[in-house]
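Given next are the chains, with one letter for each unit.
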Amino acid sequence: MEPRNGLLREAWMTATRAAERADVRIEDVHDPATATEAAALFDRVWGREVGVASILAPEALTAIAHAGGQVTVARDVSGSLVGATAAFVGWDTGTVFLHSHVTGVDAGREARGIGRALKWYQRAWCLDRDIEVVRWTFDPAIRRNAVLNLVHLGARVVAYQQDVYGAVPDARNAAVPTDRLLVAWELAAPRVLAAAAGRAAAPDGAALLRAGAAATLDIGPD
């Protein structure tokens, strides 16, 4: 059990340090009021207009949390909610994984490390529950997300997927296909352990080529 206990200690230490660097407090959602705040943040970040269905309604976030999924928020020193993530458990060919559906940070705060803090917390949260893989999709046209996911977190590309969500009624995706890269974050992999220790990972070129995604990314030194 010691290797696993050691990995858990490292994961929680990494998460704690990331939150301290970002100057945020990370907490799981357990009440409808906080779920409402998180839903509002997602809609702000993606530019979802009032009157249009939310990315995830407060009651959906509450249900995900009650069902054992992860709904987590980040608050700054004033107590304002500045970031959030929502994820649910998936199953694929005998493997349990966490599908991280959405993670958002308020506009103007993206460079403060809040997104990293939420993801490193997510890693510790998963390992605490014997979940070893997190998957999510991201828009390859947004460079900062590619750098975060592939370089600073050490995730690897699994596939390039065309128009995954179809037409989406928000400012980020209006009138464009929702092409996405699917990544797997193998939480105890050497490249992830290196990223946790602060050593940036090189994107897995072979995986990008297999996924047909190499031409979509522009990832240089950050």
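Here, every reference points to the structure presented above.
A brief report on the enclosed structure follows. Note that the coordinates shown come from a computational prediction; the quantities given were computed from them, not determined experimentally.

## Quick word on the overall build of the protein chain
Alright, step 1. Within the protein chain one finds 7 helices and 7 strands.
Alright, step 2. Reading the secondary structure of the protein chain in the N-to-C direction produces α-β-α-α-β-β-β-α-β-α-β-β-α-α.
Alright, step 3. Here the protein chain holds 222 residues, and the buried ones make up 47% of them.
Alright, step 4. The long-range fraction of contacts in the protein chain, counting pairs at least 24 apart against all pairs at least 6 apart in sequence, stands at 68%.
Alright, step 5. Of the accessible surface of the protein chain, which amounts to about 10,800 Å², a share of 56% is contributed by carbon and sulfur atoms.

## Section: a nonpolar patch on the surface
Alright, step 1. A grouping of Val 89, Trp 91 and Val 96 is seen on the molecular surface, where their side chains present a nonpolar patch of about 320 Å² in accessible area.
Alright, step 2. Within the secondary structure, Val 96 sits in strand S4 (residues 95-105).
Alright, step 3. Since its relative accessible area comes to 36%, Val 96 is described here as partly exposed.

## Section: the packing of aromatic side chains
Alright, step 1. Taken as a whole, this structure holds 4 aromatic pairs when the rule is applied.
Alright, step 2. When the ring of Trp 136 is compared with that of Trp 185, the centres are 5.6 Å apart and the planes differ by 85°; the resulting orientation is edge-to-face. Remark: Trp 185 occurs in strand S7 (residues 180-186) and Trp 136 occurs in strand S5 (residues 133-138); sequence separation between them is 49 residues. Neither Trp 136 nor Trp 185 differs from the other in exposure class; each is buried.
Alright, step 3. Feature note: the residues Trp 120, Trp 136 and Trp 185 constitute an aromatic cluster, connected by ring pairs.

## What to know about helix H5 (residues 143-152)
Along an α-helix, residues three or four positions apart point the same way, because every turn accommodates 3.6 residues.
Alright, step 1. Counting buried positions over the 10 residues of H5 gives 7, a clear majority of the element.
Alright, step 2. All buried positions along H5 are accounted for by Ala 146, Val 147, Leu 148, Asn 149, Leu 150, Val 151 and His 152.
Alright, step 3. Just past H5, the residue Gly 154 takes up positive phi, approximately 85°.

## Comments concerning the pattern of salt bridges
Alright, step 1. Per the counting criterion, the structure on display carries 9 salt bridges.
Alright, step 2. For Glu 37, the salt bridge is made with Arg 75, and the minimal N-O distance between the two is 2.8 Å. With a gap of 38 residues between them, Glu 37 in helix H2 (residues 32-46) and Arg 75 in strand S2 (residues 70-75) connect regions that are remote in the sequence.
Alright, step 3. The network of salt bridges with shared partners includes Arg 25, Glu 27, Glu 37 and Arg 75.

## Some thoughts on the packing of H2 against helix H3 (residues 58-66)
Alright, step 1. Contact geometry for H2 and H3: axes closest at 8 Å, N-to-C directions at 120°. It follows that H2 is oblique to H3 by the angle criterion. The crossing of H2 and H3 is right-handed. When H2 is examined against H3, the residues Pro 32, Ala 35, Thr 36, Ala 38, Ala 39 and Phe 42 are found in contact with a partner set consisting of Pro 58, Leu 61 and Thr 62.
Alright, step 2. Taken together, the residues of the contact of H2 with H3 break down into 7 nonpolar, 2 polar and no charged.

## Let's talk about the sheet that holds S5
Alright, step 1. What the 7 strands build is an open sheet, ordered S1-S2-S3-S4-S5-S7-S6; its pairing is mixed. Strands with a single pairing partner mark the edges of an open sheet, and in this sheet they are strand S1 (25-28) and strand S6 (156-161). Neighbour to neighbour, the strand axes of the sheet diverge by 25° on average, direction disregarded.
Alright, step 2. As defined by bridge partners, S5 adjoins S7 across 6 bridges and the pair is classed as antiparallel. Bridge pairing in S7 places Val 134 opposite Trp 185.
Alright, step 3. Lying over the sheet, H3 contacts S2 and strand S3 (81-92), oriented at roughly 115° with respect to S2.
Alright, step 4. Its contacts with the sheet put H5 on S5, S6 and S7, and the angle it makes with S5 is roughly 165°.

Rules used throughout
- Residues numbered from 1 in each chain as written.
- Predicted model: local features only at pLDDT ≥ 70, side-chain atom pairs only at ≥ 80, totals over all residues.
- Heavy atoms only, no water.
- Helix = DSSP H or I, 4+ residues; strand = E, 2+ residues; numbered from the N terminus.
- Buried < 20%, exposed > 50% of the residue type's maximum accessible area, 1.4 Å probe, protein only.
- Contact = heavy atoms within 4.5 Å.
- Areas by Shrake-Rupley, 256 points an atom, 1.4 Å probe, with all protein chains shown as cover.
- Patch = residues over 30% accessible without salt bridge, like charges linked within 9 Å, V, L, I, M, F, W, Y side chains within 5 Å.
- Salt bridge = Lys/Arg side-chain N within 4 Å of Asp/Glu carboxyl O.
- Phe/Tyr/Trp six-rings, centres within 6.5 Å; stacked < 30°, edge-to-face > 60°.
- Axes fitted to C-alpha atoms, helices over the stretch in contact; angles between N-to-C directions.
- Parallel < 35°, antiparallel > 145°, perpendicular 65-115°, else oblique.
- Left-handed = near helix turned anticlockwise from the far one by under 90°.
- Nonpolar A, V, L, I, M, F, W, Y, C, P; charged D, E, K, R; others polar.
- Pairing = 2+ DSSP bridges.

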